[in-house]
Amino acid sequence: DLVREGENGYTFAPGDVDRLAQLLDELFDNAEKLRKMGQSSREIIRGWNYDVCVEGIRNALGYVSGRRE
């Protein structure tokens with residue numbers, strides 16, 4: 001929930017070492033992008049707390065069970 005693709009990080013499939021290497025190369029070669037991603041991460045985490053996390057889990061469970069509040 002905290003990783004926003006391309007904004008403050010990247011995700012990749014487990015075991016996809018080639019994609020991981022590609023992403024690391026991209027970030028190591030672009031200090032400005034890495035700095036901006038770090039700044040975005042700080043802004044995103046500022047709005048996170050356990051209550052928000054629990055609410056997100058409850059919403060997800062309600063969605064998959066068909067019982068949305």
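Residues numbered from 1 in each chain as written. Predicted model: local features only at pLDDT ≥ 70, side-chain atom pairs only at ≥ 80, totals over all residues. Heavy atoms only, no water.

*Asks:* Please clarify how the overall build of the protein chain should be interpreted in this entry.
*Replies:* Across its full length, the protein chain holds 3 helices and 0 strands. Each helix and strand of the protein chain, placed in order from N terminus to C terminus, yields the pattern α-α-α. In terms of overall size, the protein chain is more extended than a compact globule, its C-alpha atoms giving a radius of gyration of 16 Å where 69 residues would be expected to give roughly 11 Å. Each of the three principal axes of the protein chain carries a C-alpha extent, and together these read 45 × 30 × 15 Å. Residue burial in the protein chain is summarised as follows: out of 69 residues, 13% are buried. Taking as baseline every contact in the protein chain between residues at least 6 positions apart, the subset at least 24 positions apart corresponds to 44%. Put simply, the protein chain shows about 5,800 Å² of open surface, and 54% of that area lies on carbon and sulfur atoms. (Helix = DSSP H or I, 4+ residues; strand = E, 2+ residues; numbered from the N terminus. Rg over C-alpha atoms; globule rule 2.2 N^0.38 Å. Buried < 20%, exposed > 50% of the residue type's maximum accessible area, 1.4 Å probe, protein only. Contact = heavy atoms within 4.5 Å. Areas by Shrake-Rupley, 256 points an atom, 1.4 Å probe, with all protein chains shown as cover.)

*Asks:* Can you walk me through helix 2 (residues 31-46) in this structure?
*Replies:* Given 3.6 residues per turn, any residue in an α-helix points the same way as the ones three and four places further on. Compared with an ideal rise of 1.5 Å per residue, which puts 16 residues at 22 Å, helix 2 spans 23 Å between its outermost C-alpha atoms and is within 8% of the ideal. Within the span of helix 2, buried status applies to Met-37, Ser-40 and Ile-44. The arc enclosing the buried residues of helix 2, seen along the axis, measures out at 65°, which places them on a common side. In helix 2, the exposed positions angled more than 90 degrees off the buried face are occupied by Ala-31 and Arg-46. Considering only its buried residues, helix 2 is in contact with helix 1 (17-28). (Expected span 1.5 Å × (residues − 1). Arc of directions from axis to C-beta.)

*Asks:* Would you mind showing me how to read the environment of Asp-51 here?
*Replies:* Tracing the sequence through the fold places Asp-51 in helix 3 (residues 50-65). The spatial distance from the C-alpha of Asp-51 to the C-alpha of Asn-30 is 35 Å, given a sequence separation of 21 residues.

*Asks:* Teacher, can you tell me more about the side chain of Ser-40 here?
*Replies:* Among the secondary structure elements, Ser-40 is positioned in helix 2. By relative accessible area, Ser-40 is classed as buried at 15%. Among residues more than four places away in sequence, those in contact with Ser-40 are Glu-7 and Asn-8.

Just distances and angles here, no functional claims.
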